[in-house]
Amino acid sequence: MESSVDRIAQPWGGRTAYGPGGTWPARVDTYLAEGTTPDEVERWVQSASVLHSNGDAMDIAVRAGRIVGVRGRAEDRVNRGRLGPKDLFGWQANHATDRLRSPLVREGGRLVECDWDTAMNRIVDRSRELLSAHGPGAIGFYTTGQLFLEEYYTLAVLARAGIGTNHLDGNTRLCTSTAAEALKESFGCDGQPGSYTDVDHADTIALFGHNMAETQPVLWMRVLDRLEGEDPPRLVCVDPRPTVVARRADVHLAPRVGTNVALLNALLHEVIRRDRVDSGFVESHTVGFDELSRQVAECTPAWASAICDVPASAITEAAELLGGAERLLSTVLQGFYQSHQATAAAVQVNNLHLIRGMLGRPGCGVLQMNGQPTAQNTRETGANGDLPGFRNWQNDQHVADLARVWNVEPSAIPHYAPPTPAMQIFRYAEQGSVRMLWVSGTNPAVSLPELSRIRAILGQERLFTVVQDIFLTETAQLADVVLPAATWGEKTGTFTNADRTVHLSEKAVDPPGSARSDLDVFLDYARRMDFRNRDGGPLVSWHTPEQAFEAWKRCSAGRPCDYTGLTYDKLRGGSGIQWPCTEDAPEGTERLYTEGISWAHPDVCESYGKDLVTGASVEAVEYRSLNPDGKAVVKAAEYLPPHEDSSEEYPLQLTTGRTLYHFHTRTKTGRAPQLDAAAPDVWAELSPAEAAARDIQEGDLARITTARGTLQARVRITGIRDGLVFVPFHYGYWDTPGGHRPASEAEARAANETTVTDWDPVSKQPLYKTAAARIERVAGGDGTPAPAPTTTASAPSAPDGIPATTGGPRARTTEERP
């Protein structure tokens, strides 16, 4: 049966209901360019989604050497054929007329076109000059969560063992570093315990700071289909905004921003008080429960209510659902990761599962989610700051093992201190010790906090900046050398989603002009720099994506993220496969910790943990004393007030976030007509009470100000909690007259003009959700609604006169139900 659905107005499509323990029915979503019929498609090329972390498998339609559409892959375990709006329409950015086609170098203050030899020679000459004069600490690399595994691994090898720098991190520091740290704190190792298939079995699903409907729309489709089937799961939602998830929840908790630890401590208090603890599991598989019990003993719902501004009765009701669940699935994302006490809060969710024994069984899992399509690969390969293969930088045996894999001396791999996180790399650039910064596939001039500061850093004469991207982003406009990159559909590689599913993405078409894959750029740099191993051979010995994958497999062997059972051929034609995939588990591993905690032993763990208040690393001897047998660590946390809170001058809290129709800084989605029309410009959300107190109406232009800066946006009045203003962070300046910065205060629209330079002490993730702000009316809106979607969390609280859809062009898609 076929039905035509507008996937902008109805982003989650139609329902295919199923009950607990059932198989999620297939539904193939397809979108082809206008005027293209299925019969005209010449080839379908295998790939997966690149505009969120869900890992939706799809095929790319090719005609006459161009991408002309996509369709979902019904056989894939992740999406069973479904695609979200960004999947369906985002590929059109590949054809944008302003794609970078040639390298650029700065001459006389301007970027001018050149050939690849000129651009690469400048980079190599500066690299050698800095290594000679200042050493490897003068060079830093800042990458993304959107390249392929093979590219990250190559970058990690050349940065760590080639350059010898400790300054390598990804923009995963902004979205998923807290997920990694929370997993390491609790389980000694990164890697999601749960699986997307836990949705099929769970009787209770709890979403902590996770707007799943907009960040992982296909996973939300899976939840919706369970909700429409027999014996639906109960939902608990923790979010200060009235998201689509919140509207479907049995209990919606909307805490004051920055109070997540207080809320979780109260929930844990109630679970323990009601004796909902799996004592056998706790005794056999954990350490630290007694400390947790003492910490939360006085954290009653009434206590948390006074801090979080949430009714005590709602906290009690949520605790009853969590404590009474027989199969509990929890997910966590940016509402926790980018807020005060980020890692401490995420760890408390892990604690909930540990004390309830909700691990390793169908429907019993925790997903510390990712925000980007290949964030998991950044973490696995060490391009996010850790050592490749989830090795422990404090463990000399792990360093020696990595040196063996790379055939270098252990001293060639910097491990004298923790790897440098992104915010510190930029601080070193600001101070002048980092003198060359290579940015690949990310746009810090829009995505980092306190943008005036970031622009000043990138604009320094003494900082040599290389930017490798597909468009002339706000960051690229400040660079000394710009390298044109190939993107998704134009190169081959693998990437791994948030539940450890590995997909192969094949090259479908050629990149424009002389653009090159990121892998080819890194390989060229390694060759020109003549990096050598200890036997005198090339440090980076591979030349193709598949060879790089095979090299990575050798690095992953015997580690938690073991890929040795995977090959490109095995990943072709069917479903993605979850790691670890080995000789003993040739079809992959659906869930971790099915037979106890496996990677927390002091000899094998990825991390000995950190102090949740200071972030100081725990020493090996201390960890060994606490956890000699390698059990999961139940780690308690005391609630501490946010560093910056509302005041008379700044009476509101500012929080930033995403919308369903855009990804990051809109470099791709802003060039896809349907997605751009669905959310064409920035907006600010206020509650009716806060708007009335300031005489602000729907659509009015307002100025949002913090101690760092200002932005202006049209106001959408929603059911958001009082005391809060929300601004989406996607909007920068590449499509404005200013280009890379606001031409005037009136042009300022990037949320990060206002956010604070502060980060979680453990994960070093910036805190985008805790700034103090004020808002004031600038001009009336003449009755025109704000440019915000009405289908999502930004739906108006009083929809009179506001259209039921976003008002953009209607995009037709097809859902085929076998």
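The structure we're discussing is the one just above.
To start, this report covers the structure provided alongside it. The shown structure was predicted, so the numbers you read here are calculated from the model rather than taken from an experiment.

If you walk across this open sheet you meet the 5 strands as S12-S11-S10-S14-S15, and the pairing is parallel. The two strands at the open ends of the sheet, each matched to only one other strand, are strand S12 (251-253) and strand S15 (365-368). Sheet twist, expressed as the average angle between the axes of neighbouring strands with direction ignored, equals 10°. Pairing of strand S10 (residues 204-208) with strand S11 (residues 234-238) involves 5 bridges; the strand directions are parallel. Note on S11: the bridge partner recorded for Thr204 is Arg234. Taken strand by strand, helix H12 (residues 312-324) contacts S10, S11, S12 and strand S14 (328-332), and its axis lies near 125° from that of S12.

Right, let's get into helix H20 (residues 518-529). With 12 residues, H20 ought to run about 16 Å at 1.5 Å a step, and its terminal C-alpha atoms sit 17 Å apart, in line with that. Of all 12 residues in H20, 10 are buried; the element is thus mostly enclosed. Along H20, the residues that are buried comprise Asp518, Leu519, Val521, Phe522, Leu523, Asp524, Tyr525, Ala526, Arg528 and Met529. Structurally, H20 contributes buried residues whose contacts are with helix H2 (116-134), helix H3 (149-163), strand S16 (436-440), strand S17 (464-469), strand S18 (481-484) and helix H21 (545-556). Immediately beyond the C-terminal end of H20, within one or two residues, lies Asp530, with a positive phi of roughly 60°.

Here we come to the packing of H3 against H21. Between H3 and H21, the shortest axis-to-axis distance is 9 Å and the interhelical angle comes to 65°. With respect to each other, H3 and H21 are oriented roughly perpendicular. As H3 runs across H21, the sense of the crossing is left-handed. Within the contact between the two elements, H3 uses Leu149, Glu150, Tyr153 and Thr154 and H21 uses Pro545, Ala548, Phe549, Ala551, Trp552 and Cys555.

It is worth spelling out the packing of aromatic side chains at this point. Per the stated rule, a full pass over the model turns up 18 aromatic pairs. Aromatic side chains Tyr153 and Trp542 sit 5.6 Å apart centroid to centroid with 15° between the ring planes, which places their arrangement in the stacked category. Here Trp542 lies in the loop between H20 and H21 and Tyr153 lies in helix H3, a separation of 389 residues in the sequence. For the pair Tyr153 and Trp542, one class covers both residues: buried. Geometry around Phe471 places Arg671 over its ring, the cationic atom sitting 3.7 Å from the centre.

Analysis parameters
- Residues numbered from 1 in each chain as written.
- Predicted model: local features only at pLDDT ≥ 70, side-chain atom pairs only at ≥ 80, totals over all residues.
- Heavy atoms only, no water.
- Pairing = 2+ DSSP bridges.
- Helix = DSSP H or I, 4+ residues; strand = E, 2+ residues; numbered from the N terminus.
- Axes fitted to C-alpha atoms, helices over the stretch in contact; angles between N-to-C directions.
- Contact = heavy atoms within 4.5 Å.
- Expected span 1.5 Å × (residues − 1).
- Buried < 20%, exposed > 50% of the residue type's maximum accessible area, 1.4 Å probe, protein only.
- Parallel < 35°, antiparallel > 145°, perpendicular 65-115°, else oblique.
- Left-handed = near helix turned anticlockwise from the far one by under 90°.
- Phe/Tyr/Trp six-rings, centres within 6.5 Å; stacked < 30°, edge-to-face > 60°.
- Lys NZ or Arg CZ within 6 Å of the ring centre and 35° of its normal.

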